[in-house]
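Residue-level listing of the chains:
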Amino acid sequence: MISDDVKKEFNDKFGYDSSRMFFSPGRINLIGEYTDFNGGHVFPCAISMGIYAAYGERKDNTIRMFSGNVPDAGIVEISLDNLAYNKADSWTNYPKGMMVQIIEHGYKIGHGFDLAVYGNLPDAAGLSSSAAIELLTGEIINDVFSLGISELDLVKYGQLVENKYIGVNSGIMDQFAIGMGKKDKAVLLDTNTLDYDYVPVEMGDRVIVIMNTKKHRELADSKYNERRAQCEEALKRLQVGLPIKSLGDLTESEFDENSYLINDDILIRRARHAVFENQRTLQAKDALVNNDLETFGKLINASHVSLHYDFEVTGKELDTLAETAWKQPGVIGARMTGAGFGGCAIAIVDRDKVDAFKENVGKVYEKEIGHPAEFYIAEISDGPKEIK
C-alpha cells in the first residue's frame, strides 16, 4: 500500500516515525476545456490517483521535504523565515507558495515540520499534480495548526500560488476540482461566480480510462498564456459592440452573429472554441442528469474536435489516442483533457471491452508515435483528507 511505503520513506529519510498521513487527489476534466479563464463552465472530478504525505512535527522553524517522485532533489530544507520563490527548490516551491498564501491571509504557522511525499500521478501528464500538492499542503497546515480555513479559501489560495508565486496565468478549475472533490460526483462549476453543482456520474457498466501520451508538458512553458491572451483580445473586440463581461456570456448563435467584430481568423477560432465548449459543458450536465451517456459521449468527441481545429492544442499524440479510441468497440466518447500539447486523454469504455481497448489503442499509438502509452482506470474520489 502506498501510504505504508511513504511512512517507511519518511523514517528512512528523517530517522523517526511520522505522526500523521494525508492524501490529495489529482483531477480529470470531463468536459469544459479552456473555458475557466473565459468566464465559462467546467466539469471536472477528483480521481483516486494522487499524492500521499507523511508528516512529522518539529520544534524549530525548519521545514524539510522529500519526494519519492523526485529523489534526485534529495531533502530540500527551507525555513519558515524565508519562503521566497527559488528555482533551485524545484517541486517544493508549490508547498512554499501555499504557506506564503496562508501566512499572507493572516494565519500563523507555529513551527516547522518534516514531510515525505509520493504521488502515483504520472509526472507532467496533465492530471494536476501541482494543484494536488498545493491542496495537500493546505490540508496539512489547516489540520495540524487548527486554522479553520474553509476549503473554498484553500482552493483560492492554490490558484494564487500558480498566478502570483509560480507565474502561470491559470484559472481556478484544477484547485476547485481537487479541493471540492466528492466520490462518484463531478463538479459543474461556473467560473464567473464560483457557483457549483455536484452531478452524479453514473457510468453503469462503463468506466473512465485515462490514456497517457507519455509526452511531458510543462504548463508554464506551453502555449497556455498565448491562448489566454488571444481569447482576451477576441473578447475586447466583441465588447466594442456587445455588453458582455466574458466569452462565457455568449450563446452559439450570438457568437455567430457577432464574430465579424473580431475580424481575425485565428482569434475567431479561439473565441468560438471558448463559447461553444461552454455550451457543450452545460449540455453534458443535462445528459448525465438524464442518464443519457450516448449524448454525453458525442459532446466529449465534439470537444476534442474543437480543441484540435479551433484551439489547436492537441498535437499528434493526443489526436492519435482520441481518434483511435473513437474506432474501438464499446467506446462512447474520447477527448484530450487538461492543457494539451501532450499529457492525457480520457475515454468512456464498456467495462468488458477495456482490455481489448488498451491493447488496440496501445498498438496503434506505439506504431504511430514510437513509444508506448499508459492506461489507468479512473475512480472518482473525495478531496484532500487525513488518512486515519
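Residues numbered from 1 in each chain as written. Predicted model: local features only at pLDDT ≥ 70, side-chain atom pairs only at ≥ 80, totals over all residues. Heavy atoms only, no water.

- An unreviewed UniProt entry annotates the chain as Galactokinase originating from Lentilactobacillus sunkii DSM 19904.
- What UniProt records for the chain under Subcellular location (unreviewed entry) is the sentence "Cytoplasm".
- Turning to the chain, the UniProt record has this under Pathway (unreviewed entry): "Carbohydrate metabolism; galactose metabolism." (UniProt positions renumbered as here; feature names shortened; annotations may be inferred.)

**Quick notes on the overall build of the chain**
- Looking only at helices and strands, one finds 11 helices and 12 strands in the chain.
- For 388 residues, the compact-globule formula gives about 21 Å, and the C-alpha radius of gyration of the chain, at 21 Å, lands near that figure.
- Dimensions of the chain along its principal axes, counting C-alpha atoms only, are 65 × 50 × 40 Å.
- The buried share among the 388 residues of the chain stands at 59%.
- In the chain, of all internal contacts separated by at least 6 residues, the share reaching a separation of at least 24 is 73%.
- Distance from the positive charge centre (42 side chains) to the negative charge centre (60 side chains) of the chain: 1 Å. (Helix = DSSP H or I, 4+ residues; strand = E, 2+ residues; numbered from the N terminus. Rg over C-alpha atoms; globule rule 2.2 N^0.38 Å. Buried < 20%, exposed > 50% of the residue type's maximum accessible area, 1.4 Å probe, protein only. Contact = heavy atoms within 4.5 Å. Lys, Arg positive; Asp, Glu negative; His and termini not counted. Charge placed at Lys NZ, Arg CZ, Asp CG, Glu CD.)

**Digging into the sheet that holds strand β11 (residues 374-378)**
- Strand order in the open sheet formed by four strands is β9-β10-β8-β11, with antiparallel pairing between adjacent strands. The sheet is open, and its two borders are formed by β9 (331-337) and β11, each paired with just one other strand. In this sheet, adjacent strand axes meet at a mean angle of 25 degrees when their direction is disregarded.
- Its contacts with the sheet put helix α9 (residues 293-309) on β8 (206-212), β9 and β10 (344-350), and the angle it makes with β9 is roughly 35 degrees. (Pairing = 2+ DSSP bridges. Axes fitted to C-alpha atoms, helices over the stretch in contact; angles between N-to-C directions.)

**A few points about a negative patch on the surface**
- On the surface, Asp184, Glu202, Glu379 and Asp382 cluster together into a patch of negative charge.
- With respect to the helices, strands and loops of the structure, Asp382 is situated in the loop between β11 and β12 (385-386).
- Classification of Asp382 by relative accessible area gives partly exposed; the value is 34%. (Patch = residues over 30% accessible without salt bridge, like charges linked within 9 Å, V, L, I, M, F, W, Y side chains within 5 Å. Areas by Shrake-Rupley, 256 points an atom, 1.4 Å probe, with all protein chains shown as cover. Salt bridge = Lys/Arg side-chain N within 4 Å of Asp/Glu carboxyl O.)

**Some remarks on the UniProt feature "site: Transition state stabilizer" (unreviewed entry) in the chain**
- Here the UniProt feature "site: Transition state stabilizer" (unreviewed entry) sits at Arg27.
- As for its placement among the helices and strands, Arg27 is situated in strand β1 (residues 20-31).
- A residue is classified by how much of its surface remains accessible, and Arg27, at 3% relative accessible area, is buried.
- When sequence neighbours within four positions are dropped, the list of residues in contact with Arg27 reads Pro44, Cys45, Ala46, Ile47, Gly126, Leu127, Ser128, Met173, Asp174, Ala177, Ile178 and Gly338.

**Let's talk about the pattern of salt bridges**
- A complete count under the given rule lists 28 salt bridges for this structure.
- Among the salt bridges present, the one from Glu232 reaches Arg228, with a minimum N-O distance of 3.5 Å. Placement of both Glu232 and Arg228 in helix α6 (residues 224-238) is noted, with a separation of four residues, approximately one turn of the helix.
- Glu232 sits in the partly exposed class, given a relative accessible area of 42%.
- Judged by relative accessible area, Arg228 falls into the buried class, the value being 14%.
- Of the charged contacts, one joins Asp310 and Arg272 as a salt bridge, the two residues approaching to 2.8 Å between their closest N and O atoms. Remark: Arg272 occurs in helix α8 (residues 265-289) and Asp310 occurs in the loop between α9 and α10 (315-326); sequence separation between them is 38 residues.

**Regarding the UniProt feature "binding site: ATP" (unreviewed entry) in the chain**
- This chain's UniProt record puts "binding site: ATP" (unreviewed entry) on Ser67, Ala124, Ala125, Gly126, Leu127, Ser128, Ser129 and Ser130.
- Residue position: Ala125 is located in the loop between β5 (113-119) and α3 (129-144).
- For Ala125, a relative accessible area of 2% puts it in the buried group.

**Some points on α8**
- Its 25 residues place the ends of α8 36 Å apart at the C-alpha level, agreeing with the 36 Å of an ideal helix rising 1.5 Å per residue.
- Measuring from the side-chain oxygen of the N-cap residue of α8 to the backbone nitrogen of Ile266 gives 3.1 Å; that N-cap residue is Asp264.
- Downstream of α8 by a residue or two, Asn291 has a phi angle that is positive, lying close to 55 degrees. (Expected span 1.5 Å × (residues − 1). Polar contact = N/O pair within 3.5 Å; in protein donor to acceptor, adjacent residues only side chain to side chain.)

**Some words on the nonpolar core**
- Formed by 77 residues in total, the largest nonpolar core has its most connected members in Ile28, Leu30, Phe43, Met99, Ile208, Ile210 and Phe296.
- When neighbours within four sequence positions are excluded, Ile28 is seen to be in contact with Pro44, Cys45, Ile47, Leu127, Ile208, Ile210, Thr337, Ile346 and Ala378.
- Judged by nonpolar contacts, the second largest core, of 42 residues, contains Tyr224, Leu247, Val331 and Ala345. (Core = buried A, V, L, I, M, F, W, Y, C linked by side-chain atoms within 4.5 Å.)

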